[in-house]
Each structure stands twice: as structure tokens, then as C-alpha cells.
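Below are the chains, spelled out letter by letter.
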Amino acid sequence: MDKNPSGEDNDDIDWDTEDELEIQDTVFSSCTNLRTTGQHVVCSNGEASSSSVPFQSSKFIQQFVVMGFTEESIAKAIEQNGENSDLVLDALLTFKALDDSPEEQPSTSPQLEPSISSDDSFSEYNENILDDVYEEDSWSSDSDNCINPVGRCYLNDEGSSLSGNEKTLLFLANMGYPEEEGSIAMKRCGPEASLPELVDFICAAQMARAEDPYLPEDVKPKLKHILNDFGGYKKRKMYNGLCKRKKPREISAEEETIRLPKPMIGFGVPTEPVPTMVQRFLPKKTIGPPFFYYENVALAPKGVWDTIKRFLYEIEPEFVDSRYFSATQRKRGYLHNLPIENRFPLFPLPPRTIHEALPLSKKWWPSWDTRTKLNCLQTAIGSAKLTDKIRKAVEKYDDEPPLEVQKYVLYQCKKWNLVWVGRNKVAPLEPDEVEMLLGFPKNHTRGGGISRTDRYKSLGNSFQVDTVAYHLSVLKDLFPDGINVLSLFSGIGGGEVALYRLGIRLNNVVSVEKSEANRNIVRSWWEQTNQRGNLIHFDDVQLLSRDCLEKLIGSFGGFDLVIGGSPCNNLAGSNRVSRDGLEGKESSLFFDYVRILDDVKSIMSRHR
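Residues numbered from 1 in each chain as written. Predicted model: local features only at pLDDT ≥ 70, side-chain atom pairs only at ≥ 80, totals over all residues. Heavy atoms only, no water.

Even after reading the chapter, I still don't get the packing of aromatic side chains, so can you show me in this structure?
Each aromatic ring pair is summarised here by two numbers: the centre-to-centre distance and the angle between the ring planes. For the structure shown, the criterion picks out 14 aromatic pairs. Each member of the aromatic cluster is reached from another via a ring pair, and the members are Tyr294, Phe311, Phe590, Phe591 and Tyr593. Here the basic side chain of Arg323 rests over the ring of Tyr324, its NZ or CZ set 5.3 Å away from the ring centre. Across from the ring centre of Tyr313, 5.7 Å away, lies the NZ or CZ of Lys601, which sits over that ring. (Phe/Tyr/Trp six-rings, centres within 6.5 Å; stacked < 30°, edge-to-face > 60°. Lys NZ or Arg CZ within 6 Å of the ring centre and 35° of its normal.)

Any chance you could explain the nonpolar core here in plain terms?
General note: in soluble globular proteins, nonpolar side chains tend to be found buried as a group. Ranked by size, the top nonpolar core spans 67 residues in total, and within it Val409, Leu472, Leu475 and Leu561 carry the most contacts. For this core, the element with the highest residue contribution is helix H12 (residues 403-416), accounting for six residues. In contact with Leu475, other than residues within four places in its own chain, are Phe291, Leu338, Ile483, Leu499, Ile504 and Leu561. Grouped together as the second largest cluster of nonpolar side chains are 39 residues, Tyr294, Leu299, Cys548 and Met604 included. (Core = buried A, V, L, I, M, F, W, Y, C linked by side-chain atoms within 4.5 Å. Buried < 20%, exposed > 50% of the residue type's maximum accessible area, 1.4 Å probe, protein only. Helix = DSSP H or I, 4+ residues; strand = E, 2+ residues; numbered from the N terminus. Contact = heavy atoms within 4.5 Å.)

What is the right way to look at the sheet that holds strand E4 (residues 291-297) in this model?
Within a sheet, adjacent strands bond to each other through the backbone by hydrogen bonds, running parallel or antiparallel. The sheet built from seven strands is open, its strands ordered E5-E6-E4-E12-E9-E10-E11 with mixed pairing. Strands at the two margins of the open sheet, each flanked by one partner only, are strand E5 (318-321) and strand E11 (534-538). Each neighbouring strand pair of the sheet contributes to a mean axis angle of 20 degrees, computed without reference to strand direction. In the sheet, strand E10 (residues 506-512) pairs with E11 via five bridges, with the strands oriented parallel. Of the residues in E11, the one forming a bridge with Asn508 is Asn534. Here helix H18 (residues 516-528) sits on the sheet in contact with E10 and E11, set at roughly 175 degrees to E11. (Pairing = 2+ DSSP bridges. Axes fitted to C-alpha atoms, helices over the stretch in contact; angles between N-to-C directions.)

What follows is the structure in C-alpha cells.
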């Protein structure tokens, strides 16, 4: 989850997440988190309270007023998103698309959101769709029903009856340019001219008139005032800024995402043939015990996995998507020194499709929603406003909704993992459903009395238990008398749950986890499952010193497994604010994993 669970479609949040696709749109009943944004204090439920600065006089609002949006819609957008230009613009465009689609004409199909394919290729590792949804701004522009100034579509009050030129004139009018000037620009620039070219032409004409030596002197100041404060100069500057922000960010060679294998099955999964040419080299010094197992997001920048490999003995990572173990995708890289022969899955096998996992949804599932797998489970959920918007968009039609509406609904359903729970009704997954999909026991995250918000956050940042258990299954025969585990960044205990479900006795577990809520969950699970071993908690990996490790190893003879996945906050592609790689504040904790592992190996080799 993240520190602000209410920001819908937020490109600029510093994501607090363990995934490459964590998107926020959660609205909860209490304002447990407050953040100050510009002139407003925004609660975690998205509500805003005005500060002492008059709302109507805000310069932030004025920049959208001159673009043709009403102050009422701007206020609504700011209330939902805070003073974030990109978010407010997205919301305003969505409002306009909805408002401009006449209620009296059901045949009008609002093209509300980017078009995405609804075929099965979505599930076949199309990294360009939803794996990094905010890094891609390739919005649909193949229809005559829209113009595409900044990558988004508009409909006017008369639906799709207007010509392309008329729609262009409408958009120019919405930006505040006179219709006559727009017509002249289109005539002079030609029918194929882009909107930026038209805006440039109009602004140039306005500025030329302002400098015209034959223009009466008493008119010039008024014209320049209009241009500077309400018109051409300001609008053109703003338009350039918006276009610049909306262009896909160029990724440097160092940031380029690593090429992932297709299919992403690592060194083999139970449901797919084992790769015929699996060659794995382990340096002699890495052969365990102690075994180690490190996890992070697969879609980290390319240089990140090269660095991880370098610090972890040049071992090749194993990239696996949890879609082969469950009904949901979760692309991860696992770097470890475990054997890869004689693995076995957890039984009973978990459901592999949405309808197997959520059978009650099958009754309401429309034929045009072709999903069989959920996207990567997030740390936030879709809002009630969004699900109500979808209901209203679909229920207008007796039969299947138009293609544009289907695309909009499918985009939101895939993005937020919404499922059909009634006629024309979608809803986000419940926490217990997320637990089941991730392989945790029912009510696992209810231990410790944490909030619903924290349950989603904890689950979204966890292991997929069935995937991890398949890799760890080789330890069962190696440690028939039980195992000692050092669990770093242990979260809600996904590694411990996997070992327990494999039937491996947990003799001693040293769990290092910063979140008190997560520590409470692990402690509650430990008690509920009647574990007979010792559970020792630490709250900060940075404070786990060599002296402390000496004492722990001396007390019970050493660790058999060092497991953990350091935070990926600065690695995930969805993080546009602080994607600083392993140098980032959170993700740099990877080096503490390396330090602790080296200390454990050094201390244990000396004890031998």
C-alpha cells in the first residue's frame, strides 16, 4: 500500500510499495493519514478542507479556468486529487468525457479512458499493458470520435455527429480561443495540421496584433493584458508544459528494464515443461548451508539486477510469474543458492483461474470480460466512486455496452482487479480473498487488530506463498529435524508460512520487520498455529549488528536459511517520484541484506 491511499491515478506519488504495479484509489471512512497539498489538507479518504487562502483566487485553479474548465469541476477534481496538476487534469478530462455524453442518447458511446486490448494476450506477459501502466501514455487515437491533444479523448454535446474539424474547433474554444481565430488557423495551416500547430498559429497572430504599429495605442495595453493574463502567452506556455509532461519519459540505458524470459517460469514450474537447457553455476563459496533466498520485483531497472547479482556471488536470478501458481500475476526475481531438483508444489493445488478462485462471480461475469487471471495484486483498491461510475456506464444498455464502454470498463477492471459481484456491478477484492489468492490462511492479516487499510498494504507487499514454497520445498528432506531461519524484511511472514505449509518444523525464527502491524500479524499466526519453536523479533535490519548475530548464532548453532526481499520502493516502474534504484532511501536496504548474509556466513564458518 502506500502512504496516501486515496489518490486516484496518481503519477507523482512516492509509492510505498513492494510491486511494479501498485496504483492507488482507495477511499476509506476515516482520515488516518493526512498530507498537506498546496492550499489544502487532504485526508486518506480524498476529502479536502480549504485553508485560509481563498479557494476561488487560487492560481492553481486559474490555470485550468483559462483552459475552458468550469470552476465547479475544478473544485471537484482538486477535492479528489489535491493540488497535483497531472491528477487534476486527468480528472477534469474524465469529467468532461462523462458530462459530454448525453444521458438521453444511450447510443452515444463515451470514450472515457485509454483503449486496451481485451484479448487473452493481456495475460501473456505484455509488459506494455498494466505492468507499468503509468510509464506508458499510448492512449487510443484511432477513432474519428476524438481529437488527441495530450493523449486523451473528448466528445462534444452532440456525440460523434461532429466532423473532425468541428471537434478541433470545439477543443480550441474550450481552451478559450475565439471560434473565428480557430477557423482562420485551420484554413491557413491546412486540414492535416496538429493541435499544437494551430495553437502556435493563433498565439503568433495574437502577439503580432499586439505589436502592430497601426493598432491604436489605447488598445495595445488591453490586448497585451489579455494575452499575458488570460490568453495566448499563458495558454501556450501551459499547453507546452502539459504536452511535455504527458510524453512518455525517455529511459536511459542504465534505467532500461531487464529483458525478462517468456514464459517467466524460472527453472521450472509444476504446470509447465521444465526448460531443457537449464544450466546453473554456483560458486563453491555459495553452496549452503546457510542457504539464502532473496526476492525483488522483476521489472526493476536493468542495472539493478546486475548489481544484485554482483553482490550476491554472480548467481543468475530466477524470474517467475505467480500466474503459474495462482489466479493472479506477480512477476518476481528470486536469487538463491537452493537446489533446483526435486521441487514439489503445495497441496491442495490453489485455484488457477478467477472463476475457480471466486466461483460466485461467474454468474455475473459478462461475456465481453475475457479475463481468466487477475493482474498483480495491489496495495490499494478501487474506490466506491469508480465502481459506481462503472455501474452507471454499463447499466444504460439492455444488451452489451458499446465497444468504447467495454474498453473503459475492462481497463479499470484490469487496473484495479475489480470483479463482478452483481448485475452490472463490480467491486474490489476483499482482504480475505486477497489472502486466499496469495496463499495465506483465512484471516491471516486480522491478527494483531490492524485496520482494513493496513491489511491491504501488508498483503500487497507480501510473498505469493505457493510460488515461494515451491522453491523452498527442497529443504524438507535436507532438514528433517527442523530449521533455523533468519527472516529479513519478513513482512507478514510469507516465508515462514510457506515453510510451515511444507511441513518443515520451525525451530528458531529471527524475524526482522519494521512494521509493528506486520510483527503483530506474524506473532498472532505463530500462536494460532501452535508453533513450538522460538520466535524472536527485531524491528530494524540496520541495527542488526555483527555482535548481535554472534550471540544469536551462539545460542542455537547458526541459521540454515536467510530469506527476505528488501523494499522495492525506489525500483518499481510505477514510481515516478523517486525511482532512484538501489541508491534510493528504501531500496538501499538491499545492502543490509548483503551485509547480514556475509556476517552470518563468516561467523558460521568460524564456528565450524
